[in-house]
Amino acid sequence: MHVLVLGAGLAGVTSAWYLKKAGLDVTVVDRQSAPAMETSFANGGQISVSHPEPWANPGAPLTVLRWLGRDDAPLRFRPRADWHQWRWAASFLRECLPWRTHANTRAIAELARYSRQRLTELRAETGLQYTHSERGILHVFFNAREAGLIPERVRTLAAHHIGAQACDANRCIEIEPALAHMKTPPLGGIYAPDDESGDAHDFINALTTRLRQDGVRFIFDTRIDGLDHTGGLIDGVRVTHQDGRKARLEANSYVLCLGSYSPLLVAPLGERLPIYPVKGYSISVPVADASRAPTVSLTDEARRIVCSRLGDTLRVAGTAELNGYDLDLDDKRVASLKAWVARSFPGATDLEHATPWCGLRPTTPSNMPLIGKSGLLNLYYNTGHGTLGWTMACGSSAALADLMSGQRPEPDFPFLGRRFDQD
Ligand SMILES: Cc1cc2nc3c(=O)[nH]c(=O)nc-3n(C[C@H](O)[C@H](O)[C@H](O)COP(=O)(O)OP(=O)(O)OC[C@H]3O[C@@H](n4cnc5c(N)ncnc54)[C@H](O)[C@@H]3O)c2cc1C
């Protein structure tokens, strides 16, 4: 059976890996000239199983209201005359109900744990070389109220079978000595030793090289214009190559991994995907003094900023903005990430040479990805991974390959049948 994977980001390339392993003939198509050039390009780098709680939680509406009008707010909603945005926002509010947050957290934790395990297996099987660190993730707290909740959060993580330790300020500095240079050191933290971090772009490039050796075909510089269907089946994909040539690609089955652009391509088929682009920023900063730069991946819980050491570079990422498909770099956002680095690790990096970037997280209101069957018989989804697309990539794609091979995936997760049960 020939499968055409649409999109070569984290979701698409890992799908290709597990589908190939399942014995299928695989082709991947993407509009960029190489894999992982859009949202999977420069994310925060965290494999963060220890952060399963979605943005949509009972405290979120109040927090978002508090942040309204603040330029440096971690989450910003820019209202547009866009019905899709308002419908998404209404669903987000519904997902903030305590019992929905609980169910979503449980499912995300289950998939994320499975995914980290599959990533470890993939590395062991392939010997794939990419920049990564297995030193865990330390969540640091600077606000007394949030720090007071550390024991409860550790208990919740344990209930989801996620190993995490409560740390006082001294223990945080023992785990990551660079924190000692902070102007205001953390009040406490949660350390998840089994979590890891790594460069997603580097990983995807290495995996693509391996897949090519294994006979997977990649068609780059090719824009997907639409999907043709007859009698409930996709029978081809209309594309335009870089030189303007129009063509049609055909396969037996199709897997949609187009990130934030996924809903646009399937809307004409009558499929309504609850995915909205949530813009985030990162800066990649050269390390100037290794003794002052962190090596353990960190999450600043108050400012919603994550930071990962990727070789000689410090990757710092954060902010969320609901403003359609806008990809302009806002100087204020970049400046606030730089200010965070300067404050947190004085003298550790060369901020003059920081490289800014932004990307659109393909986000569902619940932060649960859409994995499984669409309403068309031979079209499958592996999209909508939101804030945790790197964390959940291998598990989502392994589960998809199981579903497409008629097997029951291992994680207890609401995979899609013929209908969306989340929308
Ligand atoms: C600032 C930031 C920080 C983040 N930090 C983390 C983190 O620390 N840990 C974590 O787990 N996740 C993180 N994420 C989330 C993660 O990066 C995303 O969930 C993930 O990259 C999504 O992958 P994807 O393959 O679904 O989408 P993409 O990487 O966007 O891939 C979609 C592909 O489809 C292609 N495409 C789209 N439309 C078309 C078309 N019409 N024709 C042809 N090709 C098309 C694109 O070129 C692209 O290659 C972060 C995201 C951001 C923005």
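You'll find the structure just up there.
Let me begin by describing the structure that accompanies this report. (Residues numbered from 1 in each chain as written. Predicted model: local features only at pLDDT ≥ 70, side-chain atom pairs only at ≥ 80, totals over all residues.)

Moving on: the pairing of strand β1 (residues 2-6). A large share of β1 lies buried, amounting to four of its five residues. Summarising the sheet, β1 and strand β2 (residues 25-29) pair through five bridges and their orientation is parallel. The residue bridging Leu4 from the neighbouring strand is Thr27, located in β2. In this view, the connection linking β1 to its parallel neighbour β2 by way of helix α1 (residues 10-21) has right-handed handedness. Relative to strand β14 (residues 253-256), β1 runs parallel, the two being bridged by four bridges. Among the inter-strand pairings, Leu6 is bridged to a residue of β14, identified as Leu256. (Buried ≥ 20, exposed ≤ 12 C-beta atoms within 10 Å, placed from the backbone. Helix = DSSP H or I, 4+ residues; strand = E, 2+ residues; numbered from the N terminus. Pairing = 2+ DSSP bridges. Right-handed = clockwise from strand over helix to strand, strands pointing away.)

With that out of the way, let us pick up the packing of α1 against helix α11 (residues 393-404). α11 packs onto α1 with a crossing angle of 45° between their chain directions and a minimal axis gap of 8 Å. If you check the angle between α1 and α11, you find them oblique. The hand of the α1/α11 crossing is right-handed. Residues Leu10, Ala11, Thr14, Ser15, Trp17, Tyr18, Leu19 and Lys21 of α1 pack against Ala393, Cys394, Ser396, Ser397, Ala398, Leu400, Ala401 and Met404 of α11. Across the contact of α1 with α11, the residue classes tally to eleven nonpolar, four polar and one charged. (Axes fitted to C-alpha atoms, helices over the stretch in contact; angles between N-to-C directions. Parallel < 35°, antiparallel > 145°, perpendicular 65-115°, else oblique. Left-handed = near helix turned anticlockwise from the far one by under 90°. Contact = placed C-beta atoms within 7 Å. Nonpolar A, V, L, I, M, F, W, Y, C, P; charged D, E, K, R; others polar.)

Two pairing modes exist for strands in a sheet, parallel and antiparallel, and in both the strands are linked by backbone hydrogen bonds. In spatial order, the strands read β10-β2-β1-β14-β21-β20; together these six strands make up an open sheet with mixed pairing. Unpaired on one side and paired on the other, β10 (217-219) and β20 (370-373) mark the two borders of the sheet. Taking each pair of neighbouring strands and ignoring which way they run, the sheet shows an average axis angle of 20°.

As a further point, take the site of the ligand. Neighbouring the ligand are 40 residues, the closest being Gly9, Gly44, Gly259, Gly280 and Gly389. Each residue belonging to the shell around the ligand can be placed in one class, and the counts come to 14 nonpolar, 21 polar and five charged. No fewer than three residues from each of domain 1 (2-40 + 202-273 + 367-404) and domain 2 (46-196 + 276-363) sit in the shell around the ligand. (Near = placed C-beta within 6 Å. Domains from an automatic or database assignment.)

Strands sit in the order β11-β12-β13 across an open sheet of three strands; the sheet is antiparallel. The open sheet has two edge strands, β11 (222-230) and β13 (246-249), and neither has a second partner. Each strand axis lies, on average, 25° off the axis of its neighbour in the sheet, ignoring direction. Here eight bridges tie β11 to strand β12 (residues 233-241), and the two strands are oriented antiparallel to one another. Its bridge partner being in β12, Gly226 is matched across the sheet by Arg238.

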